[in-house]
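Spelled out from the first residue to the last, the chains are:
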Amino acid sequence: MEDRFITPLQPLRSMAAVSGISGLGTVNGEARVTGSDTIKGQEGISAFKSIFEEAIDNVRSTEDTLAKRQYQLATGQIEDPHTVGIASSEAQLAVDMLVSLRTKALEAYNEIMRISL
C-alpha cells in the first residue's frame, strides 16, 4: 500500500508565510497585524497581491486536475472513479474561497471609500 491514491489536503499558508512579513499573526483564527509592526506601501501591496495570486493559482490547478480526471474517466484510464468527485469538490472549494476573498476585498474597499476625512 505504498502508492496511495488519496492525497491529504494541504492547509493554506498563513498571511505571514505568504507575505514574509513578521508582524502578522492570528487572533481568534483571523489574520491580524501584531505588535507595533504595520504593513505599509509596497509590502502591503505585495502581501495583498500574493494572497490573490495564490488563490487564483489554486483555482487553475484544481480545474486542471478535474479536467484530467474527467478525461481519464471518459477514456477508461481511471481505476477509481470516485477521484473525479473528489477533484470536483476540491475545484468547487477553490472557486468558493476565491469568490469569498473577492467579496471581502470589495467590502473592505467600499468601507474605506465611505470613510470621510
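Just above sits the structure.
Quantities reported herein were computed from a predicted structural model and do not represent experimental measurements.

Here is what the cut-offs are and how they apply
Residues numbered from 1 in each chain as written. Predicted model: local features only at pLDDT ≥ 70, side-chain atom pairs only at ≥ 80, totals over all residues. Heavy atoms only, no water. Helix = DSSP H or I, 4+ residues; strand = E, 2+ residues; numbered from the N terminus. Buried < 20%, exposed > 50% of the residue type's maximum accessible area, 1.4 Å probe, protein only. Polar contact = N/O pair within 3.5 Å; in protein donor to acceptor, adjacent residues only side chain to side chain. Contact = heavy atoms within 4.5 Å. Expected span 1.5 Å × (residues − 1). Salt bridge = Lys/Arg side-chain N within 4 Å of Asp/Glu carboxyl O. Phe/Tyr/Trp six-rings, centres within 6.5 Å; stacked < 30°, edge-to-face > 60°.

Draft legend 1. Just the side chain of T62, in detail. Along the chain, T62 falls in helix α2 (residues 41-74). Judged by its relative accessible area of 10%, T62 falls in the buried class. At 3.0 Å, the side chain of T62 forms a polar contact with the backbone oxygen of V59. The contacts of T62, once residues within four sequence positions are left out, are E90, A91 and A94.

Draft legend 2. Broad picture of helix α3 (residues 82-114). The terminal C-alpha atoms of α3 lie 48 Å apart, and with 33 residues this matches the ideal 48 Å at 1.5 Å per residue to within 8%. Listed as buried for α3 are T83, V84, A87, A91 and A94. Taken together, the buried residues of α3 touch α2.

Draft legend 3. Structural detail: the environment of A67. Following the sequence through the fold, A67 ends up in helix α2. According to the relative accessible area criterion, A67 is partly exposed, its value standing at 43%. For the pair A67 and A87, spaced 20 residues apart in the sequence, the C-alpha separation amounts to 8.8 Å.

Draft legend 4. Examining the pattern of salt bridges more closely. Summed over all chains, the structure comprises four salt bridges. Between D57 and R60 there is a salt bridge, with its nearest N and O atoms 3.8 Å apart. Separated by three residues within a single helix, D57 and R60 lie in helix α2, roughly one turn from each other. Classification of R60 as exposed rests on a relative accessible area of 53%. For E111, the salt bridge goes to R114, with nearest N and O atoms at 3.3 Å. One end of the pair is E111 and the other is R114, both in helix α3 and three residues apart, which spans about a single turn. With a relative accessible area of 59%, R114 lands in the exposed category.

Draft legend 5. Focus on the packing of aromatic side chains. Counted under the stated rule, the structure contains one aromatic pair. Between the aromatic rings of F48 and F52, the centroid separation amounts to 5.0 Å while the plane-to-plane angle is 50°, which identifies the pairing as tilted. You can see F48 and its partner F52 sitting in helix α2, four residues apart, about one turn around the helix.

Draft legend 6. View of the environment of P81. Following the sequence through the fold, P81 ends up in the loop between α2 and α3. Sequence separation of P81 and Q70 is eleven residues, and the distance between their C-alpha atoms is 9.0 Å.

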